[in-house]
Amino acid sequence: MSQPTTAVPTAPVSGTAQTFRLAVVVALGGFLFGFDASVISGAINAIAADFALSDWEMGLVVASPTLGGIIAGGSAGPLSDRFGRKPILLVIAMLYAVSAAFSALAPDFLTITLARFIGGLGFGSLTLAPIYIAEISHPSQRGRMVSINQLNIVVGFSAAYFVNYALLQAAASGADWVGSIGLDSNTWRWMLGIELLPAGIYVLMLLRIPESPRWLVLNYQPERAQRVIHKLMPGVDAEQEVREIRASHSSAMEPFLKRLSGLMKPSVRLALVVGLVIGVAQQITGVNAIYFYAPTIFEQSGVGTNAAFAQAIWVGVTNVVFTLVAMFCIDRYGRRPLLLVGLLGVVISMTVCAYGFKQATYVIDDAQAVEIESTELKSRLQPLEGVVYESDVAFKRALREHLSESELREQQGQIIKAAINMQPTLILIGILGFVASFAVSLGPVMWVLLSEIFPNHLRGIGMAFIGVINSGVSFLVQFVFPWQLSNWGSAITFLNYGVFAIIGLVLVYWLLPETKGKTLEQLEAEFTRRETS
């Protein structure tokens, strides 16, 4: 029998404005994550050519921040439980700044991998920012407020695509200032180093935020907590709020291993299983392969390097637009409908991409060879003229017989453009459809759900645990993607993501209850009842 839902009072307007301001500031960590993660999409081919990287090394450069993210995901929540939300957020901001500086100056493969790993330690913002925002937000506004973090992530993605395209165009402009600052010869270093600017701004802005009232109560500072509550929610009985928080957090400071074992209790099983399903589905359907390799994917469709960078901008714009749609819908229609619609969209989009690449053929003849600018390159590819290749795998295997790996990295954009016979619009439609579907569902909804479904005293450790799993799956997707393109081909790779989306769709339909409009304490009781009833 369904349980009655307690009415949730409307948040005061002034409190909502103050909470919104703080949410925007804290969610700048999401912007830095998005920027740090996707700026590599424009730099990786140049890095691979400069350092003569293999597919596996290329994948490791892209995925190394996620290794750091695995550590951060497992430690940000517990560390913030011990030392406070604000101090750990400040450390995260400084890690992004250090990573940007060392990435831009990296002399070799090992250095750039380590520098990007350090940046990945800042990915703790993915779990910590939603925790902080959920803890300062009114229940009626919580979904929208937590979604600001996801919005900032996609704005960061979009900003990185714009910056990459602008730097690429400037580097090719021939202007005097371009040579004087080394932009023409070190374009990828500028792409990675420019992150220093937003990272520095984030540090300064975090200095002005208050500590989370729930953390203050948890650490026996009720007077400070009441002052923060008065500021965030004028008119709310701060003393009563502190009493309710204290009651729900009675065991929050138990030892780490005891709290970790608490996740395995039968009463928490539903929350844990739902968290694992959403956490794995968010990554295994291929989102970070799309975001982190967007120009490379578009190059595979034969549009050329410049057009590939321009199309990547559309990925960013689509991401922002549909994240805004999700923010509008998440508290109106609920988490579950958005996830179901979004996963279905992912299935359709990946099927379109797989079909588009499956139809492609590759042949170099005299007319098409005009697209290749280098006379020397034309002569080296002459043995391939007139041979029709039915897949990208076969075509690249033939290219490797005549070109080194570095040469192929540098020249593959114009070679594929000259040889491919397919409809590239299908790929653009499929990728943008995927981005729209993800942005309206798995992107923002996962973090909202994780900030809601775990009991109050296990929220930090629960989000950390799912964050580790999420980051681990993300690392595998990014790491193997270059190898998949070389050995499976684009069609099978995208079909693989579609199959995982089908599995996720079935599991979400079967397992996920609705959580919108309920207090964190109500959700704790509901999930416990569902498991023990």
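Up top is the structure these notes are about.
This section reports on the structure supplied with the text. Worth saying up front: this structure is predicted, and the values here are computed from it rather than measured.

Attention now goes to the overall build of the chain. Looking only at helices and strands, the chain has 27 helices and two strands in total. For the chain, buried positions account for 59% of its 533 residues. For the chain, the proportion of contacts with a sequence separation of at least 24, taken over those separated by at least 6, is 82%.

Under the counting rule described, the total for this entry stands at seven cavities of 30 Å³ or more. In this structure, the second largest cavity encloses a volume near 140 Å³. Residue lining of the second largest cavity: 15 residues in total, with Asp55, Lys396, Arg409, Gln412 and Ser486 positioned closest to the centre. Counting only elements with at least two residues in the lining of the second largest cavity, the list comes to helix 3 (55–83), helix 17 (294–300), helix 21 (392–400), helix 22 (405–419) and helix 25 (459–487). Residue contributions to the lining of the second largest cavity peak at four residues, all from helix 22. Along the lines of polarity and charge, the residues of the lining of the second largest cavity split into five nonpolar, five polar and five charged.

Moving on: the packing of helix 18 (residues 305–333) against helix 19 (residues 335–358). Running from amino to carboxyl end, helix 18 crosses helix 19 at an angle of 130°, the nearest separation of the two axes being 7 Å. The orientation of helix 18 with respect to helix 19, classified from their angle, is oblique. Between helix 18 and helix 19, the residues in contact are Ala326, Cys329, Ile330, Asp331 and Tyr333 and Arg335, Pro337 and Leu338, respectively. Class assignment for the residues of the contact of helix 18 with helix 19 results in six nonpolar, no polar and two charged.

On to the layout of surface pockets, then. Here the largest pocket is characterised by a volume of approximately 910 Å³. Listed by contribution, the elements that provide at least two residues to the lining of the largest pocket are helix 2 (28–50), helix 7 (142–171), helix 9 (187–193), helix 18 and helix 22. Residue classes in the lining of the largest pocket are distributed as eight nonpolar, twelve polar and eight charged.

To continue, consider the side chain of aspartate 392. Looking at the secondary structure, you find aspartate 392 in helix 21. Buried and unpaired, aspartate 392 has lysine 396 as its nearest opposite-charge partner, separated by 4.7 Å. In terms of polar contacts, aspartate 392 uses its side chain to reach the backbone amide nitrogen of serine 490, at 2.9 Å. Apart from residues lying up to four places away in sequence, aspartate 392 is in contact with Tyr362, Leu485, Gly489 and Ser490.

Counted under the stated rule, the structure contains 16 aromatic pairs. Geometrically, the ring pair formed by tyrosine 389 and phenylalanine 395 is tilted, given 5.6 Å between the ring centres and 55° between the ring planes. Exposure remark for tyrosine 389: the relative accessible area of 13% places this residue in the buried category. Among the aromatic side chains, those forming a connected cluster through ring pairs are Phe33, Phe157, Tyr291, Phe292, Phe434 and Phe438.

Orientation of helix 21 relative to helix 25, taken along the N-to-C sense of each, is 90°, at an axis distance of 7 Å. In terms of orientation, helix 21 and helix 25 fall into the roughly perpendicular class. Contact residues: helix 21 offers Asp392, Val393, Lys396 and Arg400, while helix 25 offers Leu485, Ser486 and Asn487. When grouped by side-chain class, the residues that make up the contact of helix 21 with helix 25 number two nonpolar, two polar and three charged.

Let us look at the nonpolar core. Membership of the largest hydrophobic core comes to 155 residues, with the highest contact counts inside it found for Ile40, Ile47, Phe157, Tyr291, Ile431 and Phe494. Ranked by the residues each element gives to this core, the list is headed by helix 7, at twelve residues. Look past the residues within four positions of phenylalanine 157 in its chain and what remains in contact with it is Phe33, Gly34, Phe35, Ala37, Ser38, Tyr291, Phe292 and Asn319.

The next subject is the environment of valine 508. If you trace the backbone, valine 508 turns up in helix 26 (residues 490–511). For the pair valine 508 and alanine 281, spaced 227 residues apart in the sequence, the C-alpha separation amounts to 9.4 Å. Look past the residues within four positions of valine 508 in its chain and what remains in contact with it is Val277, Ile278, Arg336, Leu339, Leu340 and Leu343.

Below, the discussion takes up unusual backbone geometry. At alanine 52, a residue that is not glycine, the phi angle is positive and equals roughly 50°. Turning to its location among the elements, alanine 52 is positioned in the loop between helix 2 and helix 3.

With that settled, the discussion passes to helix 22. The terminal C-alpha atoms of helix 22, which comprises 15 residues, lie only 18 Å apart, well short of the 21 Å expected from a rise of 1.5 Å per residue. In helix 22, a bend of some 65° at glutamine 411 exceeds every other bend along the element. Ser406, Leu408, Arg409, Gln412, Gly413, Gln414, Ile415, Ile416, Ala418 and Ala419 are the residues of helix 22 that are buried.

With that settled, consider a nonpolar patch on the surface. Taken together, the side chains of Trp177, Ile181 and Trp190 present a nonpolar region at the surface, about 310 Å² in accessible area. Here tryptophan 190 lies in helix 9. With a relative accessible area of 36%, tryptophan 190 lands in the partly exposed category.

Rules used in this analysis
- Residues numbered from 1 in each chain as written.
- Predicted model: local features only at pLDDT ≥ 70, side-chain atom pairs only at ≥ 80, totals over all residues.
- Heavy atoms only, no water.
- Helix = DSSP H or I, 4+ residues; strand = E, 2+ residues; numbered from the N terminus.
- Buried < 20%, exposed > 50% of the residue type's maximum accessible area, 1.4 Å probe, protein only.
- Contact = heavy atoms within 4.5 Å.
- 1 Å grid on protein atoms, 1.4 Å probe; cavity = no way out; pocket = protein on both sides within 12 Å on 5 of 7 lines; lining within 4 Å.
- Points joined across faces, edges and corners; volume = space filled by probe spheres on them.
- Nonpolar A, V, L, I, M, F, W, Y, C, P; charged D, E, K, R; others polar.
- Axes fitted to C-alpha atoms, helices over the stretch in contact; angles between N-to-C directions.
- Parallel < 35°, antiparallel > 145°, perpendicular 65-115°, else oblique.
- Lys, Arg positive; Asp, Glu negative; His and termini not counted.
- Salt bridge = Lys/Arg side-chain N within 4 Å of Asp/Glu carboxyl O.
- Polar contact = N/O pair within 3.5 Å; in protein donor to acceptor, adjacent residues only side chain to side chain.
- Phe/Tyr/Trp six-rings, centres within 6.5 Å; stacked < 30°, edge-to-face > 60°.
- Core = buried A, V, L, I, M, F, W, Y, C linked by side-chain atoms within 4.5 Å.
- Expected span 1.5 Å × (residues − 1).
- Bend = angle between axes of the 7 residues up to and from the residue.
- Patch = residues over 30% accessible without salt bridge, like charges linked within 9 Å, V, L, I, M, F, W, Y side chains within 5 Å.
- Areas by Shrake-Rupley, 256 points an atom, 1.4 Å probe, with all protein chains shown as cover.

Function-wise, these values are silent; they only describe arrangement.
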